[in-house]
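Structural overview
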Amino acid sequence: MFGSLGISEMNRRVRRKCAKGAQKLDLSTNPETEDADYLKLNEDGFVDWTRLPDDTVLQLFTHLNYRDRANLSSTCKSWRSLGSSSCLWQSLDLRAHKCDWGIMNSLASRCANLEKLRFRGADNADSLINLRAKNLIELSGDYCRKLTDSTLAVIVARHKLLESLQLGPDFCERVSSDAIVAIAFCCPKLRKLRLSGIRDVNGEAINALAAHCPDLTDIGFIDCLKIDEVALGKVNSVRFLSVAGTTNIKWDLVGENWSKLPNLKGLDVSRTDVSRNIIVRFFLPLKGLKVLCAFNCPSLEEDTTVFTKTNCEGKMLLTFFNDTFKELSLMFPNAKEREREIFMDWRSESKKKDENLDEIMSWVEWILSHSLLRIAESNPHGLDQFWLTQGADLLLNLMQSFQEDVQERAATGLATFVVIDDENANVDVGRAEAVMKGGGIQLLLGLARSWKEGLQSEATKAIANLSVNPAFAKAVAAGGGITILAGLARSMNRLVAEEAAGGLWNLSVGEEHKGAIAEAGGIKALVDLIFKWPRGGDGVLERAAGALANLAADDKCSMEVATVGGINALVTLARKCKHEGVQEQSARALANLAAHGDSNTNNAAVGQEAGALEALVLLIRSQHDTVRQEAAGALWNLSFDDRNREGIALAGGVEALVALAHSCSNASPSLQERAAGALWGLSVSEANSIAIGREGGVAPLIALARSQTEDVHETAAGALWNLAFNPGNALRIVEDGGVPALIHLCSSSLSKMARFMAALALAYMFDGRMDEYALVGSSAEGGSKSVGLERARRMALKHIETFVLTFADPQAFSAAALSSAPAPLAQVIESARILEAGHLRCSGAEIGRFVSMLRNQSPVLKACAAFALLQFTVPGGRHAPHHVNLLQVSGAPRVLRAAAAAASAPLEAKIFARIVLRNLEHHQIDSAA
């Protein structure tokens, strides 16, 4: 007898290469564009794209990312020349690529006029000098924890025209003041310097900047451990200064020295321990200071009454306790009723070229995006009101900035602030609704459509996180988000593809989205991801496998997964990947693929895939409970197939699962259920059943049968029922204390199925077949065993009888005993039927065992056997036709008629036997029809 686990759901992430030659198109005979003449069909009915004018081709190139530009350039000689045009290579983003010296050297010919460069990691930094980009003006790097002084010194020495250098927001732990001195000497045109996580910014470094960089107007020493406050007060050129998150600041020195800075317009002291006294005494009186940003400064928030209109006159104080939009509106005289639109109004009016306003607002955007992201990452308590009333709107406004890095951080901030429990992927409903109300869905989808891969990645991450919320997921789907995500999952940029797969993972939790994902080509894109990044991309592999696991829960989608090679891909992950999350999701996906029973052939297909069963058995021995749980669930479902069942045993599955059952006594109920379930599935085979008993599988199953969790003890009861069919195992169950455990289940479980299977296990154990095993040994021992078994037998039969009688309604039975009409029997069936029992499937030997029990001298066993056969043959049961056929072949009708007519049989046995005979007749009529 066997039951399967079923579907495991997860409740918590385009490029087309242009072909050489021509492409056949169906063009309008009345072209409406000026380039249409160049695209007319030639004699062969094809379009020669190379005939496009050079300026049109260049315009096409500007809408492609760097990789696609290079690919398109390779199609012909003329496009190769156009693709190298300096106007296309004035900015370069290498963050998604690992660029060694060779790659940088190959790019060098295109980068003679490169002005802006973004990179990621110390490895890429080491090879930057090979670009020979002497005209570089802006350089920005992140993930620079391993960047050293020497590397940074060489970089600035090769790029002396630098005007902007930004390293962060992660900490530059190996960069010291020595590197800042080198920056000062090498980059005299420097205007902007923002560094994060420097341990000690000493006076020598700051004095060097003051002496050698006369145009330095924007300084950010962010999240540093120590800075020289006195030296900073001597950088007279500085107009914007940020020390956000910096510790160990001597505020008395700050007040004394920074208040003398003649050109200071903006100061950011967010996430510091600045005091109210320092703000009121030194900064608010400064005539030139326009903006003071002080988010998440606990000492300021203790008492906000000191910040009055009088002492803040002319200053914009940006804090949690002020309305940021209202504060910034001071710069916009006509913004009284449009305070929430000031960012949009400023951008639309930027053509008027108010350089002072543009400079301040650009800095404010950058500071806000950085501060809000840092605050969202730390997720301090008590900020719900801030996020709901202005934080979400601020992030949405910043996503529309002209500054790409501000847009990215704002999107990342949205992705971060909505998640209140990262481990369990819980999203704050109120915050998600605030994003939706502010038009966040269309903004994010718009950024995801951008050709800029950095924006694609961060916007897609936000879409993925927000899609945990069902309402947001529905809105994303309605806005075309599924098609966008499916397209981005095909990206050659691993970071973009990873976030897109995460978005599809979260969206696929909703049943209503699975079909749309399949129609958009999402399933094939996810499978292709696994083959595209088989190594080094654990994040993308986990997300792809997780999404496929959710999709495989749907019957049609599971068939699509198999059709596009998903089984091979998932088995490959299970076999070769060592990452816990990838192993867990690939095993879950295989479990769901195998969970559709007779509706498709995936169960058998998974088992027949080379190495699949061996990989899952190996995962059973994982050190991680989540991996073991999903692997056991997959083996449970796969064991429904006869060939798979034997294959699992050959792969060492019996030993592995028995060991798992022994070790999971303190594990989660889900793991316990799957361990017992997999043994239940394997024990359908008598050979496996015997092997489980010999391996010591009985004792841990008895322990699991004592669990207070219904799913666990129900599954363990099913496994013990199968094992009890074998007399040797039946004796082991008795000897290991299984009788009291089964009796307790039979009488006390809230699960009808657990009580039913416990009763049947007891019936197998005491129908007489165990006697010859029980009497083996010395005569004294045999006598002792006999006494013990007899006592256990009486207890078992008593509780079996009580169990059966709970389904025997006295009035219905009395009516059925006095009449042969169908109606009284129908009433008995209604009160006696256990709906879930219709999913159980018995072998011929098991059906024969129950037929034999009908001849047993024990009235209790007769009644139990008739009750069981009633459950297995009720019309409408999933396997009822199978059971009826087995009964007909075995000659059971004659035995059933005898039981129904026996004068000495209990009333319940007679009535149940009559119902079984009626069920047989019903199926015969249906078959004839």
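What you are looking at is a predicted structure, and each value in this text was computed from that prediction instead of being measured. (Residues numbered from 1 in each chain as written. Predicted model: local features only at pLDDT ≥ 70, side-chain atom pairs only at ≥ 80, totals over all residues. Heavy atoms only, no water.)

What follows is about the overall build of the chain. When its secondary structure is counted, the chain shows 50 helices and 12 strands. Within the chain, buried positions represent 56% of all 929 residues. (Helix = DSSP H or I, 4+ residues; strand = E, 2+ residues; numbered from the N terminus. Buried < 20%, exposed > 50% of the residue type's maximum accessible area, 1.4 Å probe, protein only.)

Three- or four-residue spacings in an α-helix give side chains the same orientation, since the helix completes a turn every 3.6 residues. In this model helix α20 (residues 453-466) runs 20 Å from its N-terminal to its C-terminal C-alpha over 14 residues, within 8% of the 20 Å that 1.5 Å per residue would give. Counting buried residues in α20 gives 13 out of 14 residues, a clear majority hidden from the surface. (Expected span 1.5 Å × (residues − 1).)

With that settled, the discussion passes to the nonpolar core. Within the largest apolar cluster, 229 residues are counted, with the highest numbers of intra-cluster contacts made by Leu444, Phe756, Phe850, Phe872 and Phe912. Once residues lying within four places of it in the same chain are set aside, the contact partners of Phe912 are Val804, Phe813, Val828, Ala832, Ala863, Ala866, Phe867 and Leu870. Cys111, Val201, Cys213 and Leu292 belong to the second-largest nonpolar core, a separate cluster that totals 84 residues. (Core = buried A, V, L, I, M, F, W, Y, C linked by side-chain atoms within 4.5 Å. Contact = heavy atoms within 4.5 Å.)

The next thing to look at is the confidence of the model for the chain. Across the chain, the average pLDDT comes to 88, with 91% of residues at 70 or higher. Under a pLDDT of 50 for its full length, residues 9-35 has, in the predicted model, 57 contacts with residues more than four places off or in other chains. (pLDDT = per-residue confidence, 0-100.)

An order of β1-β2-β3-β4-β5-β6-β7-β8-β9-β10 is seen for the 10 strands of this open sheet, with the pairing classed as parallel. Each edge of the sheet is formed by a strand with only one pairing partner; in this case those strands are β1 (91-93) and β10 (316-318). Sheet twist, expressed as the average angle between the axes of neighbouring strands with direction ignored, equals 5°. By the bridge criterion, five bridges tie strand β2 (residues 116-120) to strand β3 (residues 138-142) in an arrangement that is parallel. The residue of β3 that forms the bridge with Phe119 is Gly141. (Pairing = 2+ DSSP bridges. Axes fitted to C-alpha atoms, helices over the stretch in contact; angles between N-to-C directions.)

Position of Asp170 relative to the elements: it lies in the loop between β4 (164-167) and α7 (177-186). The exposure class assigned to Asp170 is buried, which follows from its relative accessible area of 12%. In sequence terms Asp170 and Tyr143 are 27 residues apart; their C-alpha atoms lie 5.8 Å from each other. Setting aside residues no more than four positions away along its own chain, Asp170 makes contact with Asp142, Tyr143, Cys144, Arg145, Ser196 and Arg374. Of the polar contacts made by the side chain of Asp170, one reaches the backbone nitrogen of Tyr143; its length is 2.7 Å. Here Cys144 takes part through its backbone nitrogen, which lies 2.7 Å from a polar atom of the side chain of Asp170. (Polar contact = N/O pair within 3.5 Å; in protein donor to acceptor, adjacent residues only side chain to side chain.)

On to the packing of aromatic side chains. Two aromatic rings are characterised by how far apart their centres lie and by the angle between their planes. Enumeration according to the criterion identifies 20 aromatic pairs in this entry. Ring geometry for Trp721 and Phe872: centres 6.5 Å apart, planes at 10°, overall stacked. Note that Trp721 is positioned in helix α38 (residues 710-724) and Phe872 in helix α47 (residues 859-873), a separation of 151 residues in sequence. With 5.4 Å between their ring centres and 75° between their planes, Phe725 and Tyr764 make a pair best called edge-to-face. (Phe/Tyr/Trp six-rings, centres within 6.5 Å; stacked < 30°, edge-to-face > 60°.)

Moving on to the pairing of β2. Bridge analysis of β1 against β2 gives three bridges, and the strand direction is parallel. Pairing of Asp93 across the sheet is with Arg118, part of β2. Crossover β1 to β2 through helix α4 (residues 101-108) is right-handed. (Right-handed = clockwise from strand over helix to strand, strands pointing away.)

Side chains bearing opposite charge may pair, as long as their charged atoms lie close to each other. Inspection of the entire model under this criterion finds 29 salt bridges. Among the salt bridges present, the one from Glu365 reaches Arg347, with a minimum N-O distance of 2.6 Å. With Glu365 in helix α15 (residues 355-378) and Arg347 in helix α14 (residues 342-348), this residue pair connects regions lying 18 residues apart in the sequence. By relative accessible area, which is 1% here, Glu365 ends up buried. Overlapping salt bridges bring together Asp93, Arg95, Arg118, Glu404, Glu408 and Lys452 as one network. (Salt bridge = Lys/Arg side-chain N within 4 Å of Asp/Glu carboxyl O.)

With that settled, the discussion passes to helix α34 (residues 653-663). Those residues of α34 that fall on the buried side of the exposure criterion are Gly653, Val654, Ala656, Leu657, Val658, Leu660 and Ala661. The inward-facing, buried residues of α34 contact α31 (612-620), α32 (625-638), α33 (642-650), α35 (669-682), α36 (686-694) and α37 (698-705).

This part takes up the packing of α34 against α35. Relative to each other, α34 and α35 sit at 145°, their axes nearing to 9 Å. The two elements α34 and α35 meet at a crossing, and its hand is left-handed. Counting all contacts with α34, which are made through Gly653, Val654, Leu657, Val658, Leu660 and Ala661, the residues of α35 involved are Leu671, Ala675, Ala678, Leu679 and Leu682. Of the residues that constitute the contact of α34 with α35, the class distribution is 10 nonpolar, one polar and no charged. (Left-handed = near helix turned anticlockwise from the far one by under 90°. Nonpolar A, V, L, I, M, F, W, Y, C, P; charged D, E, K, R; others polar.)

Further remarks concern the pairing of strand β5 (residues 192-196). In terms of residue burial, β5 counts as a mostly covered element, since four of its five residues are buried. Direction of pairing for β4 relative to β5: parallel, over a ladder of four bridges. If you follow Leu167 over to β5, its bridge partner there is Leu195. A crossover links β4 with its parallel partner β5, the connecting element being α7, and its sense is right-handed. Taken together, the five bridges between β5 and strand β6 (residues 218-222) define a ladder with parallel strand orientation. Within β6, the residue paired with Leu195 across the bridge is Phe221. Crossover handedness for the path β5 to helix α8 (residues 203-212) to β6: right-handed.

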